[in-house]
Amino acid sequence: MHRADNLNLPSSYNVPYMARAEVVYVVAAALYVDGTVLFVQRPRTAAHYPGCYEIPGGKVEAGERPYDALRRELKEEVDLELATTKSPAFHTELDIDGVTLRFTVYELTKSDWTGQVRRMEAQPDMKWLPVSSGGGRLALTPGTRAWWEWKSRAGETVGAFTG
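Worth saying up front: this structure is predicted, and the values here are computed from it rather than measured. Residue numbering note: each chain is counted from 1, following its sequence as written. Where totals are concerned, whole chains, interfaces and linings use all residues; where local detail is concerned, this predicted model gives features only for residues with pLDDT of at least 70, and gives and counts side-chain atom pairs only at 80 or more. Note that the side-chain values use all heavy atoms of the structure and ignore hydrogens as well as water.

Thoughts on the pattern of salt bridges
Okay, step 1: Salt bridges, as used here, are contacts in which a Lys or Arg side-chain nitrogen is within 4 Å of a carboxyl oxygen on Asp or Glu. For the structure shown, the criterion picks out 13 salt bridges.
Okay, step 2: Close ionic contact of Lys86 with Asp112 constitutes a salt bridge, the shortest N to O distance being 3.4 Å. A residue pair is termed long-range when its members are at least 10 positions apart, and Lys86 in the loop between strand 5 (81–82) and strand 6 (90–96) and Asp112 in the loop between strand 7 (99–109) and strand 8 (113–114) qualify at 26 residues.
Okay, step 3: Burial classes: relative accessible area under 20% of the type maximum marks a residue as buried, over 50% as exposed, and values in between as partly exposed (1.4 Å probe, protein chains only). Judged by its relative accessible area of 33%, Lys86 falls in the partly exposed class.
Okay, step 4: If you follow the salt bridges from partner to partner, you end up with Glu61, Glu64, Arg72, Glu73 and Glu76 in one network. Numbering of helices and strands starts at the N terminus; helices are DSSP runs of H or I of at least 4 residues and strands are runs of E of at least 2.

The following block contains the structure:
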């Protein structure tokens, strides 16, 4: 794929025949407790993927480091404070309607955070689903689905997910 922002051109360089694609950076946390992982449902009124499930996280803001964005998002969404610093476990780039989604997942266990998981935003539902068995059918956001497919190929299935 050739895009203007992949050519290492100065930002002021005008490339009229190439559309500059939007890039969105998203970080998320796979939170593991007692053999389960947390999935949070997006509000049914959300602009993107209403009612779908995802692992908690969100967009990295301008000037923000990815792990700092993860700290902020976990506090805002599920009221957790990160107690450790981890390296990413998974990264992918997805093209979604002309937008490049750069999606990074950090895998965290209970010793990596403090606090009790609770809904802080308008999420209608949260589910802790088994890592190694069943778990039902959930519609997943594209980034979460990509991460889950990667986990499934590694033999760490949660169940049958759709999206």
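Description of helix 1 (residues 66–78)
Okay, step 1: A helix is expected to span 1.5 Å multiplied by its residue count minus one. With 13 residues, helix 1 extends 18 Å from end C-alpha to end C-alpha; this agrees with the ideal 18 Å at 1.5 Å per step.
Okay, step 2: When helix 1 is considered as a whole, its buried residues turn out to be Tyr67, Ala69, Leu70, Arg72, Glu73, Leu74, Glu77 and Val78.
Okay, step 3: Where the residues of helix 1 are buried, they touch strand 1 (22–33), strand 2 (36–41), strand 4 (57–59), strand 5, strand 7 and strand 9 (126–130).
Okay, step 4: Immediately beyond the C-terminal end of helix 1, within one or two residues, lies Asp79, with a positive phi of roughly 60 degrees. Contact between two residues is taken to exist if any of their heavy atoms lie within 4.5 Å; hydrogens are not considered.

A word on the packing of aromatic side chains
Okay, step 1: Centres within 6.5 Å are what make two rings of Phe, Tyr or Trp a pair, Trp counting through its six-membered ring; a difference in plane orientation under 30 degrees is then read as stacked, over 60 as edge-to-face, and the rest as tilted. Following the criterion strictly, the structure yields 4 aromatic pairs and no others.
Okay, step 2: Judged by centre distance (5.1 Å) and plane angle (70 degrees), the ring pair of Tyr67 and Tyr106 falls under edge-to-face. Note that Tyr67 is positioned in helix 1 and Tyr106 in strand 7, a separation of 39 residues in sequence.
Okay, step 3: When its relative accessible area of 4% is taken as the criterion, Tyr106 is described as buried.
Okay, step 4: Three or more aromatic residues joined by ring pairs form one cluster here, namely Phe39, Trp147 and Trp148.

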